[in-house]
Amino acid sequence: TRRPAGTGAGRERPTAPSLPHTPPIPPLYVGREADLASLRTVTDTAVLLTGMPGVGKTALAVHWAHEIADRFPDGQLHVRLRGFDPHCEPLTSAAALRGMLTALGLPEHRLPNGTDALAGLYRSTLSGRRLLVLLDDALDTEQVRPLLPAAPGCLTLITSRRGLSGLVTAGVRPLRLDPPSATDTLALLAHRVGEQRAAVLDEFVAHCGRLPQAVVEVADRAAAHPDYPPPALTALAAELRCAQGTLDALPGVRAALARSYARLSAEAARLLRLLPRHSGPALTAEDASARAHLPVRTVRPLLDELADLHLITETAPGHYTAHDLVRAFARRPDATQPH
């Protein structure tokens, strides 16, 4: 970890991120073959991985970055932008640029002030290099835009809970991650707890909507008792079944959703809380209008806001669905405050 040196009396001293030259080698990765196949065809200079909280964006990004490391002989930069970090504020573009430039060998005291000047120096420094830049957990387009290198030999991989339409319009290739298949989900669970033990818990995993973070939480609870034979896990399975329809058994998932909820406007948050009252297969703007007692023209931007944060998914023009765990969260959004 590099920390900036003093920048002189009276000047702001931004905190630089931790910038290893390569992301940590991921553990054995399970599934996502279709998504990996899409990534392996990438010829773009920037790719955006989006999806709901807990769907596995960072895990896939780190796995792929490690897989293609040999294509970038000048190394990799891994920047945690902290867009939805529960413990600290999002990283500013200027702080990220200063950290990347020092990681590339430029002395802190020679760096200019101001985001534009730093971005210009960053792009000129990368000219002629082949570097992979992983920008993880981005907050919004404005945070990321100055961090995109112009060098044609570089690749930028961005992860975010938001759609970042401004980047997509500018030519960044988007890839939305959905929950993995049932087969991949069961394989993930079996990899962590063994096939026999996984069979005891697979019913609850199905009710988790195959969300990887939920699977990992369940697996970690089972793994905490490695000496229990599979039948002894039936008590845990029964506890998890009793918690269906709530997130009481999945505090990590609840906390992750709470961090997205905290980014919503008051009107969009209210609309999210109304979602569990809709029992149909898909929600339309007209349905939302009736539930919220608001004009359709007022509701449409709120639905767009929820979809941008991947708290709902637009499955067809004007038709939206929500993951079961998002619906469960919406019933009691204040049960866990983001922290």
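Look a little higher up for the structure.
Because the structure is predicted, anything quoted here is derived from the model rather than measured.

### Digging into the side chain of R162
Positionally, R162 belongs in the loop between β4 (155-160) and α6 (165-169). Not counting residues up to four positions away in its chain, the partners in contact with R162 are T50, F84, L139, D140, R263, D308, L309 and H310.

### Some remarks on the sheet that holds strand β3 (residues 132-138)
By way of backbone hydrogen bonds, the strands of a sheet pair with one another, either parallel or antiparallel. Read across the open sheet, the five strands follow the order β2-β3-β4-β1-β5; overall the sheet is parallel. Each end of this open sheet is capped by a strand with a single partner; those strands are β2 (76-80) and β5 (173-176). Here the strands of the sheet are splayed against their neighbours by 15° on average, with no regard to which way each runs. Inspection of the sheet shows β2 paired to β3 by five bridges, in the parallel sense. Its bridge partner lying in β3, R80 is registered against D136.

### Concerning the nonpolar core
If you look at the biggest cluster of nonpolar residues, it comprises 69 residues, and the most contacted ones within it are L250, L264, L271, L272 and L303. Setting aside chain neighbours within four positions, we find L303 in contact with L271, L283, A285, A288, I312 and Y320. Core analysis: the next-biggest nonpolar cluster, separate from the first, contains 32 residues, L48, V79, L148 and A151 among them.

### Brief notes about the packing of helix α1 (residues 33-40) against helix α2 (residues 57-67)
With their axes 11 Å apart at the nearest point, α1 and α2 run at an angle of 50° to one another. As far as their axial angle goes, α2 and α1 are oblique. For the pair α1 and α2, the sense of crossing is right-handed. Here D35, L36, L39 and R40 of α1 come into contact with α2, specifically with L60, H63, W64 and E67. Grouping the amino acids of the contact of α1 with α2 by side-chain chemistry returns four nonpolar, one polar and three charged.

### A few points about the pattern of salt bridges
Any two side chains of opposite charge can pair, so long as their charged atoms come close to each other. Summed over the entire model, instances satisfying the criterion amount to eleven salt bridges. Residues D178 and R176 are paired through a salt bridge, measuring 3.2 Å at the closest nitrogen-oxygen approach. Here D178 falls in the partly exposed class, since its relative accessible area comes to 36%. Of the residues examined, R176 reaches a relative accessible area of 41% and is grouped as partly exposed. In this structure, the salt-bridge partner of R254 is D248, at a minimum N-O distance of 4.0 Å. Look at R254 and you get buried, because its relative accessible area is 3%. Exposure remark for D248: the relative accessible area of 51% places this residue in the exposed category.

About the criteria used
- Residues numbered from 1 in each chain as written.
- Predicted model: local features only at pLDDT ≥ 70, side-chain atom pairs only at ≥ 80, totals over all residues.
- Heavy atoms only, no water.
- Helix = DSSP H or I, 4+ residues; strand = E, 2+ residues; numbered from the N terminus.
- Contact = heavy atoms within 4.5 Å.
- Pairing = 2+ DSSP bridges.
- Axes fitted to C-alpha atoms, helices over the stretch in contact; angles between N-to-C directions.
- Core = buried A, V, L, I, M, F, W, Y, C linked by side-chain atoms within 4.5 Å.
- Buried < 20%, exposed > 50% of the residue type's maximum accessible area, 1.4 Å probe, protein only.
- Parallel < 35°, antiparallel > 145°, perpendicular 65-115°, else oblique.
- Left-handed = near helix turned anticlockwise from the far one by under 90°.
- Nonpolar A, V, L, I, M, F, W, Y, C, P; charged D, E, K, R; others polar.
- Salt bridge = Lys/Arg side-chain N within 4 Å of Asp/Glu carboxyl O.

Distances and angles like these do not, on their own, reveal function.
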